[in-house]
Amino acid sequence: MNYSEDKIKVPRFNEASGFYTTKKRSKIMSKIRGKNTKPELLFRKALWEKGVRYRVDSKQLPGRPDVSIKKYKLAIFIDGEFWHGYNWDDRKAKLKSNRAFWIPKIERNMQRDREVNEQLREMDFTVFRFWVHEVKDNLKTCINDVMMYLDLEK
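Computed from a predicted model, the values in this text were never measured in an experiment.

Caption draft 1: Highlighting the side chain of Asn117. For Asn117, the position within the fold is in helix H5 (residues 99-122). The class for Asn117 is buried, based on a relative accessible area of 12%. Only 2.9 Å separates the side chain of Asn117 from the side chain of Arg129, close enough to count as a polar contact.

Rendered as structure tokens:
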């Protein structure tokens with residue numbers, strides 16, 4: 001896979017790089033989960049109730065999609081707004097602390113998302129990416145989008 005963009009360099013988050021963190025901040029950050037989040041569980045439960053069977057965090061696929069259905073070559077990601085840069089141009093300006101770390105970090109996450117999408121498309125997978133707020137506010141719509149795709153593929 002040849003990805004055209006240069007990889008964004010994210011500075012290390014440590015005191016030597018000028019980043020200071022409190023024990024309280026460290027504890028808060030350690031509680032952030034990467035899988036089995038509430039929106040993911042909501043989405044998966046709704047999909048299961050529709051009779052759709054799937055894999056969770058498949059290690060065989062690039063980016064480890066939150067939900068994957070190999071039979072239909074479908075990869076589904078449920079992305080957190082902060083970590084994956086929802087409305088990034090507006091949010092970027094509002095970041096106040098540790099901008100030297102967070103801006104490259106989030107932009108690298110966004111870049112990685114594009115790379116993963118491209119890798120999956122090269123494998124003939126269809127990629128769905130839902131924002132957490134979409135799953136929370138419009139779960140039916142998200143599930144319907146997936147179901148419509150599955151109906152077309154049958």
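Caption draft 2: Molecular detail of the packing of aromatic side chains. Taken as a whole and judged by the stated rule, the model has nine aromatic pairs. Linked through ring pairs, Phe43, Phe128, Phe130 and Tyr149 together constitute an aromatic cluster. Over the face of the ring belonging to Trp48 we find Arg53, whose NZ or CZ atom lies 3.6 Å from the ring centre. Geometry around Phe77 places Arg129 over its ring, the cationic atom sitting 4.0 Å from the centre.

Caption draft 3: Layout of unusual backbone geometry. Phi at Arg64 is positive, roughly 45°, even though this residue is not glycine. Here Arg64 lies in the loop between strand E1 (55-56) and strand E2 (67-69). With a phi angle near 55°, Asn87 is a residue other than glycine that sits in the positive phi range. Note on placement: Asn87 falls in the loop between helix H3 (81-84) and helix H4 (88-94). Overall, Asn87 belongs to the partly exposed group, its relative accessible area being 43%.

Caption draft 4: Structural detail: the nonpolar core. Core analysis: the biggest nonpolar cluster contains 22 residues, and Phe43, Leu47, Leu74, Ile76, Phe130, Val146 and Leu150 have the highest contact counts within it. If you list the elements that add at least two residues to this core, you get helix H2 (38-49), E2, strand E3 (74-79), strand E4 (126-131), helix H6 (132-137) and helix H7 (139-153). Looking at which element gives the most residues to this core, the answer is H7, with seven residues. The residues touching Ile76, leaving out its near neighbours within four places in the chain, are Phe43, Leu47, Pro65, Asp66, Val67, Phe128, Phe130 and Val146. By size, the runner-up hydrophobic cluster in this structure holds eight residues, among which are Leu95, Phe101, Trp102 and Met110.

Parameters and conventions
Residues numbered from 1 in each chain as written. Predicted model: local features only at pLDDT ≥ 70, side-chain atom pairs only at ≥ 80, totals over all residues. Heavy atoms only, no water. Helix = DSSP H or I, 4+ residues; strand = E, 2+ residues; numbered from the N terminus. Buried < 20%, exposed > 50% of the residue type's maximum accessible area, 1.4 Å probe, protein only. Polar contact = N/O pair within 3.5 Å; in protein donor to acceptor, adjacent residues only side chain to side chain. Phe/Tyr/Trp six-rings, centres within 6.5 Å; stacked < 30°, edge-to-face > 60°. Lys NZ or Arg CZ within 6 Å of the ring centre and 35° of its normal. Core = buried A, V, L, I, M, F, W, Y, C linked by side-chain atoms within 4.5 Å. Contact = heavy atoms within 4.5 Å.

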